[in-house]
Amino acid sequence: MDCGICTSKTILLFLSLVFWGAGAALAYVGAYMINSYGNFESFIQNKQTLVPAAIVIGISVLMFIFGLVGCCATLKESKFGLGCFFVIIMVIFAAEVTALVFTFIYQGKINQDLERSMNEVFEKYDGHNTESQAVDLLQRELKCCGVSDYRSWFNTTWFKNNTTIPQTCCKNQTNCEGHPQLPALLYPEGCKKKLETFLQDVLTYAMLVVLGFAIIKFFGMLSVCVVTCRSSSRRSGYQPLYA
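Quick notes on the rules
- Residues numbered from 1 in each chain as written.
- Predicted model: local features only at pLDDT ≥ 70, side-chain atom pairs only at ≥ 80, totals over all residues.
- Heavy atoms only, no water.
- 1 Å grid on protein atoms, 1.4 Å probe; cavity = no way out; pocket = protein on both sides within 12 Å on 5 of 7 lines; lining within 4 Å.
- Points joined across faces, edges and corners; volume = space filled by probe spheres on them.
- Helix = DSSP H or I, 4+ residues; strand = E, 2+ residues; numbered from the N terminus.
- Nonpolar A, V, L, I, M, F, W, Y, C, P; charged D, E, K, R; others polar.
- UniProt positions renumbered as here; feature names shortened; annotations may be inferred.
- Salt bridge = Lys/Arg side-chain N within 4 Å of Asp/Glu carboxyl O.

### Quick notes on empty space enclosed by the protein
Right, on to step 1. Counted under the stated rule, the structure contains one cavity of 30 Å³ or more.
Right, on to step 2. When its volume is computed, the largest cavity comes out at roughly 40 Å³.
Right, on to step 3. Put simply, the parts of the chain that give the lining of the largest cavity at least two residues each are α2 (51–76), α3 (79–107) and α7 (191–236).
Right, on to step 4. Looking at the lining of the largest cavity residue by residue, the classes come out as eight nonpolar, one polar and no charged.

Following this line, the structure appears as structure tokens:
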């Protein structure tokens, strides 16, 4: 077995293992994206931002199956099997590129209407309803207060009725009752900026992971071509000029 085939088969076997590992990793990334958006879904009206996550999870399911196909086709040097494996890699490569494009597109759409939707949710805050739970979770997890800052609460129905800010705005809730006269006890940053940063970080993380696997698929396609061509040359009795 010449060096070219040995190297290419090693790459393909490694790629088969990567398929299984990538399937698990992408499933985690997709689930993490959906879970991250789910925690703050009350503030995100554009549900199309979940499209990249759905594509990533779909790819991960297929990868577990394709890893087995690639391993068997490589070991047997089956021309048909390697051809199928090449098509599989190419389709997944295209899907990953599509996911990258969608992620890049929707990364710019996160900021659109976010402030308006957040203002609507904050306006419905009464301390008990679903919107209140979403706001409290947002402020507690991101350590922020109000849409722009704590003064954003001044225009809400909650503040007009209670003249206080929810305690989830407090840095330390044990000695803070949400009085706006004591802003030093409240989180200084608004939630809009922090939520934007959080969602952008999630998408960037997903883009880097998908890009890494797309590069591996590209080299996998090259390796399939090498193994198929060399195997065909041996079976036909011809020797390549560069052997």
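### Points about the UniProt feature "transmembrane region" (unreviewed entry) in the chain
Right, on to step 1. Sites flagged by UniProt as "transmembrane region" (unreviewed entry) map to residues 12–34, 54–75, 82–106 and 202–229.
Right, on to step 2. When the span residues 12–34 is considered, its composition is 100% helix and 0% strand, and the gap between its end C-alpha atoms is 31 Å.

### Considering the pattern of salt bridges
Right, on to step 1. Counted according to the given criterion, the structure contains three salt bridges.
Right, on to step 2. In this structure, the salt-bridge partner of Arg116 is Glu120, at a minimum N-O distance of 3.1 Å. Residue Arg116 and its partner Glu120 are located together in helix α4 (residues 114–123), separated by four residues, close to a single helical turn.

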